[in-house]
Amino acid sequence: FQPILYLIQMTLKINYLDNQKGLFKNTALFLANDTKISEFKGIFEDKINQKILNYLKKNKNSKNNKIDSINIDFDQKIILTFLSGKNNAQASEELGAKFYDYVKKNEIQNTLIIGSNFSSTKNKIFLNQFLHGAQLKSYEFNLYKTKKQKKEIIFNILKRKNQVNPKDKYKLDAILNGVNFTKDLVSEPGNVLHPDEYAKRLVKLKKFGLKVTVYDEKKLTKLGCNALLGVGQGSIRGSYLVTMEWKGNKSKSKPLAFVGKGVCFDTGGISLKPARFMEDMTYDMAGSAVVVGLMKNFALRKAKINAVGVVGLVENMPGGNAQRPGDIVKSYSGKTIEVLNTDAEGRLVLADALTFTEKKFKPNFIVDLATLTGAIVVSLGSEYAGLFSNDDKISKQIFEAGEKVDEKVWRLPLHKNYDKLMNSKNADMQNINYVGGAGSTTAAQFLQRFIINKTPWAHLDIAGMAFSKYAGALNSSGATGYGVRLLNKFVEDNYE
């Protein structure tokens, strides 16, 4: 396994030790109801063991997953983490993230983590997941800071031989790479990661075993992808459709398809957005970034599936050649769209990408992701992504996967009665509902019209989840990487 170079430098380094070498001032222990101080004999002096014992006697009712410390000397600590009785993978990852926050806040730079009691307790905390959570939490995007923080937080793991399962670690490292690559892409400014640059970066994924095909404006014009091309025609940058294929299953089984909206910067076009917070529109390509990170993850961990990722890359700008409100375009499907608002552009990109994916790859199912509507943030805030689907089975599978990795989704309705809100007097449909209400549903209802052959399909509106002003359980503020772990779990549990 060759680790991928991140655009940024990780702030956390992990060393694995088979025996204790050198002196570590700060040591972390994991304690459960059945932990015995005798387990640490030979590691600590008796007086330190006694201090731990005294602390435990005074704190008999310590909360599960609480993190605290005992001062041994003015610059030496024993960090105690109290384990709950139900440390599943999700809880272990969140505990690792919490532990990372604790040492960072307390400026503890170098820590010895005693892993001997990870396996001996009934709590069965998983060391791999704990460290994975800490690594996810440690992400920082500091590429453009001229003065970078040079201090590195180091975890030194004193372990048993069989404690680190190489197969599990391999998978978790692949997920970490996929999530962090997604975060890197979303964090890049629009003047750097425009569609031309984005397409070039995707071509480089070939070295990991992905087949990458780039459809430029000339090819897209020939195909008739006029809905996608119309969004980008006001920009000096090109517009692209890029496919990434992973063949990890030797059979000729239908691929699993993932489609992402990649609007690298969204001014709204002629229907210009307000200036306030427009700078956040660099993350309007987050749906595509999730697809890219997911496909990279599949390739790195050699997933035993056939999968395809399809992303539409455009820049929505005002200009002399920009698409106008009232324009009518003919999509790849042959259906015509009246563009009443150029700021409802993501659905135009996805319209062509969805039909193209269905027609070319004839997939088992299609899942698309997009920062599509502000209405979904009004509905669900930053706790759930909106899920819309024509298939109960994959809806249930995605929902259950989200519960397991704490990337939650909530299913919202689709119904033929919403179609009348998107019907146009001048074309087959219009791209916005001017009557008002059900903004996210009518957007999804619009997309559903471009699933021509009744392929099982799910749409994830991640507008409230892709970027956060505040930190979450497993992520720092900024790009969250939401969706990579969710869809990886969805695939792993049901299709691998």
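As a reminder, the structure under discussion sits directly above these lines.
Residues numbered from 1 in each chain as written. Predicted model: local features only at pLDDT ≥ 70, side-chain atom pairs only at ≥ 80, totals over all residues. Heavy atoms only, no water.

Participant: I'd like to hear about the overall build of the protein, residue by residue, with values.
Facilitator: Looking only at helices and strands, the protein has 13 helices and 19 strands in total. In terms of C-alpha radius of gyration, the protein reaches 25 Å, essentially the compact-globule figure of 23 Å for 496 residues. Expressed as lengths along the three principal axes of its C-alpha atoms, the size of the protein is roughly 85 × 50 × 45 Å. Put simply, the protein has 496 residues, and 58% of those count as buried. For the protein, long-range pairs separated by at least 24 residues make up 78% of all intrachain contacts whose partners lie at least 6 apart in sequence. A total of about 22200 Å² of accessible surface is found on the protein, and carbon and sulfur atoms cover 50% of it. Charge separation in the protein, taken as the distance between the mean sites of 73 positive and 48 negative side-chain charges, equals 5 Å. (Helix = DSSP H or I, 4+ residues; strand = E, 2+ residues; numbered from the N terminus. Rg over C-alpha atoms; globule rule 2.2 N^0.38 Å. Buried < 20%, exposed > 50% of the residue type's maximum accessible area, 1.4 Å probe, protein only. Contact = heavy atoms within 4.5 Å. Areas by Shrake-Rupley, 256 points an atom, 1.4 Å probe, with all protein chains shown as cover. Lys, Arg positive; Asp, Glu negative; His and termini not counted. Charge placed at Lys NZ, Arg CZ, Asp CG, Glu CD.)

Participant: Summarise the sheet that holds strand 6 (residues 153–158); cite the residues concerned and give the values.
Facilitator: Here we have 6 strands laid out as an open sheet, ordered 1-6-5-2-4-3, and mixed in their pairing. For this open sheet the edge positions go to strand 1 (12–17) and strand 3 (67–73), each flanked by a neighbour on one side alone. The average undirected angle you get between the axes of adjacent strands in this sheet is 25°. When strand 3 meets strand 4 (residues 76–82), the two strands line up antiparallel, connected through 6 bridges. (Pairing = 2+ DSSP bridges. Axes fitted to C-alpha atoms, helices over the stretch in contact; angles between N-to-C directions.)

Participant: Explain helix 12 (residues 439–448) residue by residue, including any values.
Facilitator: Along helix 12, 8 of the 10 residues are buried, which leaves the element largely enclosed by surrounding structure. Of all the residues in helix 12, the buried ones are S440, T441, T442, A443, A444, Q445, F446 and L447.

Participant: Residues and numbers for empty space enclosed by the protein, please.
Facilitator: Where empty space is left can be seen by rolling a probe of water-molecule size over the atoms. This structure, assessed with the given rule, holds 3 cavities of 30 Å³ or more. By volume, the largest cavity amounts to about 70 Å³. Lining the largest cavity, in full, are Y16, N128, L131, H132, Q135, K169, L172 and D173. Of all elements in the fold, only helix 3 (127–137) and helix 4 (166–187) reach the threshold of two or more residues within the lining of the largest cavity. The dominant element in the lining of the largest cavity, judged by the number of residues it contributes, is helix 3, at 4 residues. Classifying every residue of the lining of the largest cavity gives 3 nonpolar, 3 polar and 2 charged. As a volume, the second largest cavity reaches approximately 50 Å³. When grouped by side-chain class, the residues that make up the lining of the second largest cavity number 3 nonpolar, 7 polar and no charged. (1 Å grid on protein atoms, 1.4 Å probe; cavity = no way out; pocket = protein on both sides within 12 Å on 5 of 7 lines; lining within 4 Å. Points joined across faces, edges and corners; volume = space filled by probe spheres on them. Nonpolar A, V, L, I, M, F, W, Y, C, P; charged D, E, K, R; others polar.)

Participant: Requested: an account of the nonpolar core, with residues and values cited.
Facilitator: With 65 residues, the main nonpolar core has Y198, F258, F298, L460, I462 and F490 as its most contacted residues. If you tally residues by element for this core, the top one is helix 8 (residues 286–300), at 10 residues. Not counting residues within four places of it along the chain, the set of residues in contact with F298 comprises W246, F258, A303, I305, A307, N488 and V491. (Core = buried A, V, L, I, M, F, W, Y, C linked by side-chain atoms within 4.5 Å.)

Participant: Tell me about the packing of aromatic side chains, and name the residues and values.
Facilitator: Counted under the stated rule, the structure contains 18 aromatic pairs. Each ring, one from F399 and one from W410, has its centre 6.4 Å from the other, and the planes form 65°; the classification is edge-to-face. Remark: W410 occurs in strand 15 (residues 409–411) and F399 occurs in helix 11 (residues 392–405); sequence separation between them is 11 residues. The partly exposed category is assigned to F399, whose relative accessible area is 32%. Taking relative accessible area as the criterion, W410 reaches 42% and is therefore assigned partly exposed. Look at F490 and Y495: their rings are 5.4 Å apart centre to centre, the planes differ by 65°, and that puts the pair in the edge-to-face class. For the pair shown, F490 and Y495 are each scored as buried. In this structure an aromatic cluster arises from ring pairing among F258, F298, F365, F490 and Y495. Over the aromatic face of F450 sits the side chain of K335, whose NZ or CZ is 6.0 Å from the ring centroid. (Phe/Tyr/Trp six-rings, centres within 6.5 Å; stacked < 30°, edge-to-face > 60°. Lys NZ or Arg CZ within 6 Å of the ring centre and 35° of its normal.)

Participant: Give me the lowdown on the sheet that holds strand 16 (residues 429–430), citing residues and values where you can.
Facilitator: In spatial order, the strands read 11-12-16; together these 3 strands make up an open sheet with mixed pairing. Both edges of this open sheet fall to strand 11 (327–330) and strand 16, since each of them pairs with a single strand only. Where strand 12 (residues 336–339) lies against strand 16, 2 bridges are found, and the strand directions are parallel. Along strand 16, the bridge assignment pairs I337 with M429.

Participant: I'd like a description of the environment of S69, backed by residues and values.
Facilitator: Position of S69 relative to the elements: it lies in strand 3. Excluding its chain neighbours within four sequence positions, the residues that come into contact with S69 are K77, I78, I79, L80 and Y102. Here Y102 takes part through its side chain, which lies 3.0 Å from a polar atom of the side chain of S69. (Polar contact = N/O pair within 3.5 Å; in protein donor to acceptor, adjacent residues only side chain to side chain.)

Participant: Describe the pattern of salt bridges, naming the residues involved and giving the relevant values.
Facilitator: Side chains that differ in charge, positive against negative, can pair when their charged atoms come close. Within the structure shown, the criterion is met by 25 salt bridges. E496 serves as the salt-bridge partner of R301, at 2.8 Å between the closest nitrogen and oxygen. With R301 in the loop between helix 8 and strand 10 (306–316) and E496 in the segment after helix 13 (484–494), this pair connects stretches of sequence that are 195 residues apart. One continuous salt-bridge network, built from bridges that share partners, spans E93, E407 and R485. (Salt bridge = Lys/Arg side-chain N within 4 Å of Asp/Glu carboxyl O.)

Participant: Can you tell me about the packing of helix 8 against helix 13, naming the residues and giving the values?
Facilitator: Between helix 8 and helix 13, whose axes approach to 9 Å, the crossing angle comes to 50°. Looking at the two axes, helix 8 sits oblique to helix 13. For the element pair helix 8 and helix 13, the recorded crossing hand is right-handed. Residues V290, G293, L294, N297 and F298 of helix 8 lie in contact with helix 13, whose contacting residues are V484, L487, N488 and V491. Tallied by class, residues from the contact of helix 8 with helix 13 come to 6 nonpolar, 3 polar and no charged. (Parallel < 35°, antiparallel > 145°, perpendicular 65-115°, else oblique. Left-handed = near helix turned anticlockwise from the far one by under 90°.)

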